[in-house]
Amino acid sequence: MHRDDKGKIIQDLRLQANKAVIAVVTDFQGMKVEEMTLLRRSLRENNIEFRVVKNTLARIAFEETPHAPVRDNFKECCAIAFGFDDPVTPAKVLVDFEKKSKKFKTRFASLEGRYLEAAAMKELSELPSREVLLARMMGTMNAVPTNFASLFANLIRGMMNALDAIREQKQNA
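Small disclaimer: the values here were computed from a predicted structure and weren't measured.

Caption draft 1: Quick peek at the nonpolar core. Residues Leu39, Phe50 and Phe104 are the most contacted members of the largest nonpolar core, which totals 23 residues. Listing elements by their share of this core, those giving two or more residues are strand 1 (22-27), helix 2 (33-45), strand 2 (48-53), strand 3 (78-83), helix 4 (88-100), strand 4 (105-111) and helix 5 (118-125). For this core, the element with the most residues is helix 4, which contributes 5 residues. Discounting residues that sit within four places of it in the chain, Phe50 has contacts with Thr26, Met36, Leu39, Arg40, Leu43, Ala79, Ile80, Ala81 and Phe104. Among the nonpolar cores identified, the runner-up in size contains 17 residues, and Leu13, Ala58, Cys78 and Ile80 belong to it.

See the structure below:
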């Protein structure tokens, strides 16, 4: 590979690493082409970029990025999955694929500059997605004024029932 080609690869990796919220390093050694195609397709559907890279190029590319703490751990045959929106989605997709495949493994990850072991990736994959968490938060925020309005409506309703009972009692007397 020519020096210019290496420089372009490093530049592309650095751009992706700067934009990515999470970078997951995986081991794909021994996988069949069909398995790799299925993995790439599922990652692409979830807006996750997957790159097979040389370790030395990855180390150089990660130097001046938020994911720099993991650059010294690139060893053997590896690929990097970059997640740009939600860190839980790449973790879910990769851990689910790891359960199906005998050869595929997640090694480690960098979540906004923090190093994560493979076990932490599994824990991250069990969290609800960002959309689900936002929906829960909005439901909780909506519940407070709704409950407040219901409370006052019940107080007024109780008072109206008491006044109605007093009115009926006076009419019957």
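Caption draft 2: Summary view of the sheet that holds strand 1. Taken in spatial order, the 5 strands of this open sheet run 2-3-1-4-5, and their pairing is antiparallel. At either end of the open sheet lies a strand with only one pairing partner, and these are strand 2 and strand 5 (114-117). Between one strand axis and the next, the sheet turns through 20° on average, direction left out of account. The strands touched by helix 3 (residues 55-62) are strand 1, strand 2 and strand 3; relative to strand 3, the strand with the most contacts, the crossing angle is about 35°.

Caption draft 3: Layout of the pattern of salt bridges. Inspection of every chain in the model, using the stated rule, returns 3 salt bridges. Close ionic contact of Lys8 with Asp12 constitutes a salt bridge, the shortest N to O distance being 3.4 Å. Taken together, the residues span about one helical turn, with Lys8 and Asp12 both in helix 1 (residues 3-19) at a distance of 4 residues. Note that Arg167 is salt-bridged to Asp164, the shortest N-O span being 2.4 Å.

Caption draft 4: Geometry of the packing of aromatic side chains. Per the stated rule, a full pass over the model turns up 6 aromatic pairs. With 6.2 Å between their ring centres and 35° between their planes, Phe62 and Phe82 make a pair best called tilted. Of the two residues, Phe62 is situated in helix 3 and Phe82 in strand 3; the sequence distance between them amounts to 20 residues. Using a relative accessible area of 0% as the deciding quantity, one classes Phe82 as buried. Here the aromatic rings of Phe108 and Tyr115 are separated by 5.6 Å at their centres, their planes lie at 25°, and the arrangement is stacked.

Caption draft 5: Main features of the state of the cysteines. Tallied over the full model, the rule gives 0 disulfides. There is no disulfide at Cys77, and the cysteine sulfur nearest it, in Cys78, is 6.9 Å away. Given a relative accessible area of 29%, Cys77 falls into the partly exposed group. Judged by relative accessible area, which is 1%, Cys78 ranks as buried.

Caption draft 6: Fine view of the environment of Lys103. Looking at where Lys103 falls in the secondary structure, it is placed in the loop between helix 4 and strand 4. Residue Lys103 is classed as partly exposed on the basis of its relative accessible area, which comes to 44%. For the pair Lys103 and Asn47, spaced 56 residues apart in sequence, the C-alpha to C-alpha distance is 23 Å. For Lys103, the residues in contact, after removing those within four places along its chain, are Asp27, Gln29, Gly30 and Met31.

The rules behind each value
- Residues numbered from 1 in each chain as written.
- Predicted model: local features only at pLDDT ≥ 70, side-chain atom pairs only at ≥ 80, totals over all residues.
- Heavy atoms only, no water.
- Core = buried A, V, L, I, M, F, W, Y, C linked by side-chain atoms within 4.5 Å.
- Buried < 20%, exposed > 50% of the residue type's maximum accessible area, 1.4 Å probe, protein only.
- Helix = DSSP H or I, 4+ residues; strand = E, 2+ residues; numbered from the N terminus.
- Contact = heavy atoms within 4.5 Å.
- Pairing = 2+ DSSP bridges.
- Axes fitted to C-alpha atoms, helices over the stretch in contact; angles between N-to-C directions.
- Salt bridge = Lys/Arg side-chain N within 4 Å of Asp/Glu carboxyl O.
- Phe/Tyr/Trp six-rings, centres within 6.5 Å; stacked < 30°, edge-to-face > 60°.
- Disulfide = S-S within 2.5 Å.

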